[in-house]
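# Examining the three-dimensional arrangement
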Amino acid sequence: DPQQLELATSGKRRLRRFIVIDEVVDELYGSKVRQYFEENNVQHKILALRTTEETKSMDLVLNILQEVQSFSIDRRTEPIIAIGGGVCLDIVGLAASLYRRRTPYIRVPTTLLSYVDASVGAKNGVNFLQCKNKLGGYTPPVASFLDRSFIQSIPRRHISNGLGEILKMALMKHKGLFDLLKSHGKYLLDTKFQSYSGSANHGDAALQTTRIAIETMLEELAPNLWEDDLDRLVDFGHLISPELEMRVLPSLMHGEAVNIDMAFMTYVAHARGLITADEKEQIIQCMRGLELPVWHGGCSWPLIKTALRERLKHSGGQPRMPLPTGLGVAEIFNDTSEETLERAYKLWVRD
């Protein structure tokens, strides 16, 4: 930005930045972040917060905004920076969109899930009345800065959690990505998505996997950024999972709940004759290889029916159910009968 460059180099005014960082990330990287701003002579305020699904509320947004007001920023030239996982990025995005009607913000994702999912698109929000992301808006960031070195410090389960959203894009849109996950899933978990020279057997699986996942996500989101079209393949795994995730907090992470939803919907696709028994088995075994749960006791038949009723309320009276029609290909369906869903559910529970 020429205006920013002029400010930074003219010495007329010292650059200022307000940063919200997840408290766990702050413990690991906070000193480096502070050192960066100090060495570049940037006046800064770093607000470290506990950002989890349980704290993802309007109260936390208002806390952030009080601190922003106290620090005082120029909304034209001083973007708020969010450093953390998806919850942190969502909360800060909503806070920025509200402050003086719209203040620019930058996303710096630090988990695999936020790297391939929350970093992309325009949505932000908070939970409300035990409902996931019930309050929010569509305000894209001015930039997302992607750095996979953050991922090396997160626990293995969190990496598996992120692989759930990557698998979603593979099943909906990209067989090559599905094959990568089948072949290199354990390697990606073991190496925490870091790139190493001398890993010839795997190529740069981490770079390929994340790049394809983000590109396919962008292909889906960019033409429909404000969700004017409710037929969205990226909703795969998100029909039942919001209800399940909020009902069993904190036992399931977001990507795990999404995967349980995808596992059930894989059985639905098979029950409808859209995929073969072999394809169903390949998908379930891939999920297991990525160390993702394929079933949860909390995902009862009554919960599924409740979740699908909620879905109808927010999708124009149609279920708009994305289902795989093969490996890496999918369509949206509105005609899945309750009898088919129940039959798929019984098979899923049996297996």
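Residues numbered from 1 in each chain as written. Predicted model: local features only at pLDDT ≥ 70, side-chain atom pairs only at ≥ 80, totals over all residues. Heavy atoms only, no water.

We apply this condition: UniProt positions are given in the numbering used here, feature names are shortened, and annotations may be inferred rather than shown by experiment.
The chain appears in an unreviewed UniProt entry as ARO1 protein from Chauna torquata. What UniProt states about the chain under its Cofactor (unreviewed entry) heading is, verbatim, "NAD(+)".

## Brief notes about the environment of Ile21
Applied cut-off: Secondary structure elements follow DSSP: runs of H or I of four or more residues count as helices, runs of E of two or more count as strands, with numbering from the N terminus. Relative accessibility thresholds used throughout: buried, under 20% of the residue-type maximum; exposed, over 50%; partly exposed, between the two (1.4 Å probe, protein chains only). We call two residues in contact whenever any of their non-hydrogen atoms come within 4.5 Å of each other.
Topologically, Ile21 is positioned in strand β1 (residues 16-22). Its relative accessible area of 1% is what places Ile21 among the buried residues. Each C-alpha atom of the pair Ile21 and Val33 lies 9.7 Å from the other, and the pair is twelve residues apart in sequence. Once you skip the residues sitting within four places of it in the chain, Ile21 turns out to touch Asp26, Val33, Ile46, Leu47, Ala48, Leu49 and Ile83.

## Quick word on the pattern of salt bridges
What counts, and what does not: Each reported salt bridge corresponds to a side-chain nitrogen of Lys or Arg within 4 Å of a carboxyl oxygen of Asp or Glu.
Scanning the entire structure with this criterion turns up 27 salt bridges. Two residues, Lys173 and Glu219, come together in a salt bridge whose shortest N-O distance is 3.4 Å. Of this pair, Lys173 sits in helix α6 (residues 156-173) while Glu219 is found in helix α8 (residues 205-221), placing the two residues 46 residues apart along the sequence. Exposure remark for Lys173: the relative accessible area of 26% places this residue in the partly exposed category. A single salt-bridge network, built from bridges that share partners, covers Lys123, Glu227, Arg232, Asp235 and Arg311.

## Observations concerning helix α7 (residues 175-191)
What counts here: For a helix, the expected span equals 1.5 Å multiplied by the number of residues minus one. To obtain the bend at a residue, axes are fitted to the seven residues ending there and to the seven starting there, and the angle between these axes is taken.
Helix length check: α7, at 17 residues, gives a terminal C-alpha distance of 23 Å against a target of 24 Å (1.5 Å per residue), a fit within 8%. Of all the bends in α7, the largest measures some 70° and sits at His184. Every buried residue of α7 is listed here: Leu177, Phe178, Leu180, Leu181, His184, Gly185, Tyr187, Leu188, Leu189 and Thr191. Elements that come into contact with the buried residues of α7 comprise α6, α8 and α11 (277-289). Phi for Lys192, located one or two positions after α7, is positive at around 50°.

## Some details on the packing of α6 against α8
Our working rule: In this analysis, axes come from line fits to C-alpha atoms, helices being fitted only over the stretch in contact, and the angle between any two N-to-C directions falls in the range 0 to 180 degrees. Should the near helix be turned counterclockwise from the far one by less than a right angle, the crossing is left-handed, whereas a clockwise turn marks it as right-handed. Any residue outside Ala, Val, Leu, Ile, Met, Phe, Trp, Tyr, Cys, Pro, Asp, Glu, Lys and Arg is labelled polar, Gly included; the first ten of those are nonpolar and the last four are charged.
For the pair α6 and α8, the least separation of the axes is 9 Å and the interaxial angle reads 65°. Once α6 is placed against α8, the crossing between them reads as left-handed. Each of Ile166, Lys168, Met169 and Lys173 in α6 lies in contact with α8, whose residues at this interface are Thr209, Ala213, Thr216, Met217, Glu219 and Glu220. Partitioned by chemical class, the residues of the contact of α6 with α8 number four nonpolar, two polar and four charged.

## As for the domain arrangement of the chain
Spelled out, the test is: Domain start and stop positions are those given by an automatic or database domain assignment. The quantity reported as buried area is the accessible area (1.4 Å probe) lost by two parts once they are put together, taken as the sum for both. Throughout this description, a polar contact denotes any pair of N or O atoms lying within 3.5 Å of each other; where both atoms belong to protein, one of them has to be capable of donating a hydrogen while the other can accept it, and for residues adjacent in sequence the pair is counted only when both atoms sit in side chains.
We note that the domain assignment places domain 1 (13-152) and domain 2 (156-224 + 233-350) within the chain. Between the C-alpha centres of domain 1 and domain 2 there is a distance of 27 Å. Taken together, the contacts link 19 residues of domain 1 with 28 residues of domain 2. Considering only the side of domain 1, the residues that lose the most area to domain 2 are Leu112, Leu113 and Arg148, jointly responsible for 32% of the buried surface there. At the junction of domain 1 with domain 2, the criterion picks out one salt bridge. Lys132 is the salt-bridge partner of Glu245, the closest N and O atoms lying 3.3 Å from each other. At the boundary of domain 1 with domain 2, the tally comes to five residue pairs in polar contact (both at pLDDT 80 or more). Counting residues per element, the side of domain 1 that touches domain 2 draws most heavily on helix α5 (residues 112-118), which supplies five residues.

## Some thoughts on the UniProt feature "domain: 3-dehydroquinate synthase N-terminal" (unreviewed entry) in the chain
Here, the residues flagged by UniProt with the feature "domain: 3-dehydroquinate synthase N-terminal" (unreviewed entry) are residues 48-160. Across residues 48-160, the secondary structure splits into 35% helix and 25% strand, with the terminal C-alpha atoms separated by 26 Å.

## Comments concerning the packing of aromatic side chains
How we decide: Between 30 and 60 degrees the pair is tilted, below 30 it is stacked and above 60 it is edge-to-face, where a pair is any two Phe, Tyr or Trp rings, Trp via its six-membered ring, whose centres lie within 6.5 Å. Charge-over-ring contacts are defined here by two conditions on Lys NZ or Arg CZ: a distance within 6 Å of the ring centre and an angle within 35 degrees of the ring normal.
Tallied over the entire structure, the rule returns eight aromatic pairs. Measuring from ring centre to ring centre gives 6.3 Å for Tyr138 and Trp226, while their planes differ by 85°; the resulting arrangement is edge-to-face. Linking Tyr138 in strand β6 (residues 131-138) with Trp226 in the loop between α8 and α9 (241-248), this pair joins segments that are 88 residues apart in sequence. On the basis of relative accessible area, Trp226 is assigned to the partly exposed category, the value being 43%. Grouped by ring-pair contacts, the aromatic residues Phe264, Trp301, Tyr345 and Trp348 constitute a single cluster. The ring of Phe71 carries Arg16 above its face, with NZ or CZ at 4.1 Å from the centroid.

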